[in-house]
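Each chain is listed here by its residues.
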Amino acid sequence: MKPFPCTILTLIWIGHLVFYHFNQITILIIVFISGLRKLNASLFLASLAVCDTFTLLCQTGIRLSEYFTNFHLAQFIYTNIWACRFYDYIYHSAFVVGSWFMVAVTKERFIAVIFPHKAKVLCTRTITTIEIIIITIVLIGVNSIHFFVSEVQTTIYYGIELT
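As the structure is a prediction and not an experimental result, all values here were calculated from the model.

K.L.:
Quick question: what am I supposed to make of the overall build of the protein here?
P.N.:
What the protein contains, in helices and strands, is seven helices and two strands. Accessible surface, the protein as shown: approximately 10,200 Å² in total, 75% of it carbon and sulfur.

K.L.:
What am I meant to see in a nonpolar patch on the surface here?
P.N.:
A contiguous nonpolar patch, built from F110, V113, I114 and F115 and spanning about 410 Å² of accessible area, is present on the exposed surface. Inspection of the secondary structure puts V113 in helix α4 (residues 81-114).

K.L.:
Hey, could you run me through the packing of aromatic side chains in this one?
P.N.:
Each pair of aromatic rings is reported with the distance of its centres and the angle of its planes. Under the definition given, this model contains three aromatic pairs. Measuring from ring centre to ring centre gives 6.4 Å for F44 and F101, while their planes differ by 55°; the resulting arrangement is tilted. On the criterion of sequence distance, the pair formed by F44 in helix α2 (residues 40-69) and F101 in helix α4 is long-range, its members being 57 residues apart. Accessibility expressed as a relative area gives 1% for F44, which makes it buried. Assessed through its relative accessible area of 2%, F101 is described here as buried. For the pair Y87 and Y91, a centre-to-centre distance of 6.4 Å together with 10° between the ring planes defines the contact as stacked.

K.L.:
How should I be thinking about the packing of α4 against helix α6 (residues 125-142) in this particular structure?
P.N.:
Think of two packed helices as two axes; the pair is described by the angle between the axes and how far apart they sit. It is at 9 Å that the axes of α4 and α6 come closest, and there the two elements cross at 150°. Handedness of the α4/α6 crossing: right-handed. In contact with Y89, S93, V96, V97, W100, F101, A104, K107 and E108 of α4, α6 contributes T128, E131, I132, I135, T136, L139 and I140.

K.L.:
Can you walk me through the pattern of salt bridges in this structure?
P.N.:
Side chains that differ in sign of charge can pair as their charged atoms come close. Considering all chains together, one arrives at two salt bridges under this definition. Here E131 and K107 are joined by a salt bridge, their closest N and O atoms 2.5 Å apart. Of this pair, E131 sits in helix α6 while K107 is found in helix α4, placing the two residues 24 residues apart along the sequence. Residues R109 and E108 are paired through a salt bridge, measuring 3.6 Å at the closest nitrogen-oxygen approach.

K.L.:
How should the nonpolar core be read in this particular structure?
P.N.:
A general feature of soluble globular proteins is that nonpolar side chains tend to end up buried together. Residues L43, F44, C51, V97, F101, A104, I132, I135 and L139 constitute the largest nonpolar core, which totals nine residues. Breaking this core down by element, the ones donating at least two residues are α2, α4 and α6. Contacts of I135, omitting those with residues within four sequence positions, involve V97, W100, F101 and A104.

K.L.:
How do you make sense of the environment of R125 when you look at a structure like this?
P.N.:
You can see R125 is positioned in helix α6. On the accessibility criterion, R125 (33% relative accessible area) is partly exposed. Remark: the alpha-carbon pair of R125 and N40, spanning 85 residues in sequence, is separated by 5.5 Å.

K.L.:
Would you mind showing me how to read the side chain of T128 here?
P.N.:
Locating T128 in the fold gives a position in helix α6. A relative accessible area of 1% places T128 in the buried class. When neighbours within four sequence positions are excluded, T128 is seen to be in contact with N40, L43, F44 and E108.

Definitions and cut-offs
- Along each chain, the written sequence defines residue order, and numbers are assigned to residues from 1.
- Where totals are concerned, whole chains, interfaces and linings use all residues; where local detail is concerned, this predicted model gives features only for residues with pLDDT of at least 70, and gives and counts side-chain atom pairs only at 80 or more.
- Note that the side-chain values use all heavy atoms of the structure and ignore hydrogens as well as water.
- Each helix is a run of DSSP H or I of at least 4 residues and each strand a run of E of at least 2, with the numbering of both proceeding from the N terminus.
- Computed with the Shrake-Rupley method and a 1.4 Å probe, the accessible areas treat only the protein chains shown as cover for residues.
- Put simply, a patch holds well-exposed residues, over 30% relative accessible area, that have no salt bridge, with like charges counted together within 9 Å and Val, Leu, Ile, Met, Phe, Trp or Tyr side chains within 5 Å.
- When a carboxyl oxygen of Asp or Glu is within 4 Å of a side-chain nitrogen of Lys or Arg, the pair counts as a salt bridge.
- Any two of the Phe, Tyr and Trp rings considered here, Trp counted by its six-membered ring, make a pair once their centres fall within 6.5 Å; the pair's planes then place it as stacked at under 30 degrees, edge-to-face at over 60, or tilted in between.
- Classification of residues uses two cut-offs on accessible area relative to the type maximum, computed with a 1.4 Å probe and protein chains only: under 20% is buried, over 50% is exposed, and between them is partly exposed.
- Convention adopted: a line fitted to C-alpha atoms gives each axis, helices being fitted over their contacting stretch, and angles between N-to-C directions are expressed from 0 to 180 degrees.
- By convention the crossing between two helices is left-handed if the near helix lies anticlockwise of the far one by an angle smaller than a right angle, and right-handed if it lies clockwise.
- Whether two residues are in contact is decided by their heavy atoms: any pair within 4.5 Å suffices.
- Buried Ala, Val, Leu, Ile, Met, Phe, Trp, Tyr and Cys residues form a nonpolar core when they are joined through side-chain atoms within 4.5 Å.

Here is the structure:
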């Protein structure tokens, strides 16, 4: 039994996935080919695009893989404790890291507006790179808790009981 009996719902999922990835790739091409690559925000946008892609693939990849291959990836993830923990870890890490990248961009814009003369010292490309690395390492470390607290629960997924 396929998880998407409705073809309209399937087309919406596929359209969303293709359109979203097309937008992410377009953003990366525009940022790195044009003169925008010299801006500090381009590093944040590229990092945010990677995090958003992981988040989207975690959400839609399971359902689309089931539809096209008839392999119940969700059943494997939700019944295997280590697969469940790894999935929770990747999804939550990408989601939280992407959110904090937006906070860092906001902080940088705030400094540029409120303290325009100090912005040339406080908002350099080196500091931006260090911020991205620190945010990523700290939040990946914080989200490692998912390896210890995620548990497999009995649930019903598209009419299949997962235990």
